[in-house]
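Structure at a glance
Spelled out from the first residue to the last, the chains are:
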Amino acid sequence: MSGLTTKYVLKRIGMFILTVWLGATIIFIVPRLVPGDPVQAMIGRMITEGVNVENADVIISTYRERFGLNDHILIQYVKYLYNAVTFNSGYSLAFFPSRVDDMVARSLPWTLGLLFLSLILSFVIGNLVGALLAWRPTPKVLKLLLPISLTFTSIPAYMVGIMLLFVFSFTLDWFPFAGNYARDVSLGWNWAFIWSVIKHGFLPAMSIILVSMGRWALGMRGMMITTDGEDYMILAEAAGLRPFRIFWRYGVRNAILPQITAFGVALGALAGGSVLVEVIFTYPGVGHLLYQAILNSDYTLIQGIVFYVILGVSLAVLILDLTYPLIDPRISLERS
Amino acid sequence: VTEQTTTKKNSKNRSPKSPWLNFKLLLGLGVLIMAISIEYLAPFFWDTDMAKVGSAPTNMVPGWIEADKELGFKDPSAEHPLGTESNGRDMLALVLVATPRSLKVGLIAASIGILVGTVLGFATGFLGGWLDNVVRVLTDAWMTIPGLAVLIVIASYIEELNLQAMALVIALFSWPGPTRVIRAQVLSMRERGYVQMSRLAGAGVLEIMFLEMMPNLLPYLAATFTGGVSGAILAATGLEILGLGPTRLPTLGMTISNALRSSAILRGMWWWWGFPIIMLIIIFISLFLMTIGLDEIANPRLRGAR
């Protein structure tokens, strides 16, 4: 733990708190800057969707009372922050009396499993591809083949998801269309269940992996080229070390460091993209829950979920930041 | 991302022509100019009013395939070469109307982002001090916030989001990237020889900023801009797919959203979501090519990388 100084840890935790506070404040303030309020918007949406709303005035005033929208804005803000800190997101409007926190907790494992696995896999594969692209002894054939894996880079994950769904579920019928596991298997650690989960999660995971892989490969290639010019590489070569060892311990080991920083920065965007992937595949994670909330104009649920998404991403970045000095001991030099 | 490039050009082949005559940049730019001009050219050769609901027969397959009558599809006709969807919209008209519109959202949002980013990046990188610290920390924190999630909250509160409003909302998250890149560039340029020289020669702050630094910043600005347009379109289509975009006028994301809600994938109506996706992919790849091209202009050293 030599790299972890108190100052560094405090700085990172401060950054974490700032990020969560900032995110929570934006989702509190900006909706209140636009004309109208959530209740009116909700009623308006119901009317445009053809729902017959009687006594709209009464409904609006009751809801205003329940939302606490009649209080002074500062009191609302303090209440809001207090609820956020105590993890109390209240009740869902559309699925009353379900609590928002419980609903999120129920769908969270699926999202975490899907995201964690696919992000790690894409990071590992992408960096390996990038490193091999920049490494001289890599066979020519491989160097020509590898860039093909990068074609998906600029395409959003959900689009790849739609295409995968069409090809592998609709046309070839290899994978199921929706859900997280088949309804006829029993929950638990048995092979039928695990196999079913893998089969259902494969396409969603593939669509995230395919699009995020290229970004790591491109970055890694650039870093490897820079590393290649360093003196210690030439020295290692002159010392007669095996090429594989030079590649792995001298090249990749050093080039990977900025990639980990980039991983932290990209995490927010990747989490956002996976919301849409879950919608496309009707994968019952947090993203799909958010979609249901939007369809039902369930404002407490939307706000609750988004707060947890912000919290989750910031927490992941914090963990990444705190493990970083263990991988890159140079951080400890900050002490002096 | 600007530091990274992907050419395989050998340094021997480098000709002394202007670096701005970059093939990838020009190709991407050409395609995008074409996509934007569709808005003005399309009415001359196609009836774009057919993008409205109920202006064409429903569920018609594209011109070159056979209709599966069991699934309720109609035989193709020359009037609707790309087929029609379930609400009676002509797919060709829909794509022609929606493409420039989707591109516009991205252009507006990214323009705001780059403007704010340039001002903040210049001010903080050049002047430094406490303002620099505040903006830097704020930018770092803002970048960690998952933008799409926050945009979803905002968009869901707004009753009827029009194109401009959506671009404005998206711009909330398109400034931190440019701010960071430009600040870093200004910081490194400030200490370079030519800036020091002009400072010694008695040039004012504004003169150094606009006459000395700005020309060198241009490729970075442009690369950040194209990246920003791509990100903004991604966010816009994301919101639209969740049903939170403008509902009156068709955009590419809204068309895909309609297709998904009508389970077009399960019904095998690939042309409904396929054509908008192809257009978006063309836009994204063009922007990606431009970003790579501009990176090569900005980092000549990486141009000759092995």
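In short, a report on the structure. Quick caveat: nothing in here was measured; it's all calculated off a predicted structure. (Residues numbered from 1 in each chain as written. Chains lettered and ligands numbered in written order. Predicted model: local features only at pLDDT ≥ 70, side-chain atom pairs only at ≥ 80, totals over all residues. Heavy atoms only, no water.)

Remarks on the overall build of chain B
Short version of the rule: Secondary structure elements are defined from DSSP: runs of H or I of at least 4 residues count as helices, runs of E of at least 2 residues count as strands, and each element is numbered from the N terminus. Buried residues are those whose accessible area, probed at 1.4 Å on protein chains only, stays under 20% of the maximum for their type, while exposed residues exceed 50% and partly exposed ones sit between those limits. Contacts are assigned to residue pairs with any non-hydrogen atoms lying within 4.5 Å of each other. Only four residue types enter the charge count: Lys and Arg as positive, Asp and Glu as negative, with His and the chain ends excluded. One atom stands in for each charge, and that atom is NZ of Lys, CZ of Arg, CG of Asp or CD of Glu.
When you go through chain B residue by residue, the secondary structure sums to 11 helices and zero strands. The helix and strand sequence of chain B, counted from the amino end, reads α-α-α-α-α-α-α-α-α-α-α. Taking the principal axes of the C-alpha coordinates as reference, chain B spans close to 80 × 50 × 35 Å. Going through the 306 residues of chain B one by one, you find that 54% of them count as buried. Sequence-distant contacts in chain B: of pairs separated by 6 or more residues, those separated by 24 or more amount to 75%. In chain B, the 24 positive side-chain charges and the 21 negative ones have mean positions that sit 12 Å from each other.

Quick word on the interface of chain A and chain B
To be explicit about the condition: The buried area of a pairing is the accessible area, by a 1.4 Å probe, that goes missing from both parts when the two are put together, added over both. A pairing counts as a salt bridge when a side-chain nitrogen of Lys or Arg comes within 4 Å of a carboxyl oxygen of Asp or Glu. Each polar contact in these results corresponds to two N or O atoms within 3.5 Å; when the atoms are within protein, one needs to be able to donate a hydrogen and the other to accept it, and residues that are neighboring in sequence are counted only if both atoms are side-chain atoms. Residues were grouped as follows: Ala, Val, Leu, Ile, Met, Phe, Trp, Tyr, Cys and Pro as nonpolar; Asp, Glu, Lys and Arg as charged; and all remaining residues, including Gly, as polar.
Residue-level contacts link 53 residues of chain A with 52 residues of chain B. Summed over both sides, the interface between chain A and chain B buries roughly 4,900 Å², with carbon and sulfur atoms accounting for 79% of that surface. It is Ser154, Ile162 and Arg221 of chain A that lose the most area in chain A upon contact with chain B, and together they represent 10% of the buried surface on that side. Linking chain A to chain B there are zero salt bridges. In this structure, the connection of chain A to chain B is made through one residue pair in polar contact (both at pLDDT 80 or more). Where the side of chain A that touches chain B is concerned, the elements lending two or more residues are helix H1 (6–33), helix H2 (38–48), helix H7 (157–171), helix H8 (191–228), helix H10 (243–280), helix H11 (286–295) and helix H12 (299–327) of chain A. Taken together, the residues of the side of chain A that touches chain B break down into 37 nonpolar, 11 polar and five charged.

Section: unusual backbone geometry
Residue and element names in this part refer to chain A. In this model, aspartate 173 sits at a positive phi of 60 degrees, which is unusual for a non-glycine residue. Within the secondary structure, aspartate 173 sits in the loop between H7 and H8. At threonine 282, a residue that is not glycine, the phi angle is positive and equals roughly 45 degrees. Note on placement: threonine 282 falls in the loop between H10 and H11.

What to know about H7 of chain A
Think of an α-helix as 3.6 residues a turn; residues three or four steps apart then line up on the same face. Residue and element names in this part refer to chain A. Here is the rule we go by: A helix is expected to reach a length of 1.5 Å times the quantity of its residues less one.
With 15 residues, H7 extends 20 Å from end C-alpha to end C-alpha; this agrees with the ideal 21 Å at 1.5 Å per step. The set of residues buried in H7 consists of Ala157, Tyr158, Met159, Val160, Gly161, Ile162, Leu164, Leu165, Phe166 and Ser169. Count one or two residues on from H7 and you reach aspartate 173, which has phi positive near 60 degrees.

Details of the layout of surface pockets
All names here are of chain A. To keep it simple, the criterion reads: Here a cavity means grid points, on a 1 Å grid over the protein atoms only, where a 1.4 Å probe fits yet cannot get out; a pocket means an open set of points with protein on both sides within 12 Å along at least five of seven lines; lining residues are those with an atom within 4 Å of a point. Grid points are joined across faces, edges and corners, and a volume is the space filled by probe spheres set on the points.
The calculated volume of the second largest pocket comes to roughly 960 Å³. Taken together, 30 residues make up the lining of the second largest pocket; nearest its centre are Leu112, Leu115, Leu267, Gly312 and Ala316. The dominant element in the lining of the second largest pocket, judged by the number of residues it contributes, is helix H5 (residues 100–134), at 12 residues. Taken together, the residues that form the lining of the second largest pocket break down as 24 nonpolar, four polar and two charged.

Focus: the environment of arginine 190 of chain B
All names here are of chain B. Tracing the backbone through its elements, the reader meets arginine 190 in helix H6 (residues 176–190). Distance from arginine 190 to isoleucine 208, taken between C-alpha atoms, is 9.3 Å for residues 18 residues apart in sequence. Setting aside anything within four residues of it in sequence, one finds arginine 190 in contact with Gly125, Phe126, Val195, Gln196, Arg199 and Met213.

Observations concerning the nonpolar core
As a rule of thumb, nonpolar side chains are buried together in soluble globular proteins. Selection rule: For our purposes a nonpolar core is just a set of buried Ala, Val, Leu, Ile, Met, Phe, Trp, Tyr and Cys residues, chained together by side-chain atoms within 4.5 Å.
Ranked by internal contacts, the top residues of the largest apolar core, which has 158 residues, are Ile152 and Ile170 of chain B. Tallying contributions element by element places H10 of chain A first for this core, with 16 residues. Those residues in contact with isoleucine 170 of chain B that sit more than four places away from it in its chain are Val105, Ala109, Leu151, Ala232, Ala235 and Ala236 of chain B.

Regarding the pattern of salt bridges
Residue and element names in this part refer to chain B. Tallied over the full model, the rule gives six salt bridges over all chains. In this structure, arginine 180 and aspartate 140 form a salt bridge, with 3.0 Å as the shortest nitrogen-oxygen distance. On the criterion of sequence distance, the pair formed by arginine 180 in helix H6 and aspartate 140 in helix H3 (residues 129–144) is long-range, its members being 40 residues apart. Taking the relative accessible area as the measure of exposure, arginine 180 reaches 34% and is therefore partly exposed. Aspartate 140 sits in the partly exposed class, given a relative accessible area of 28%.

Distances and angles like these do not, on their own, reveal function.
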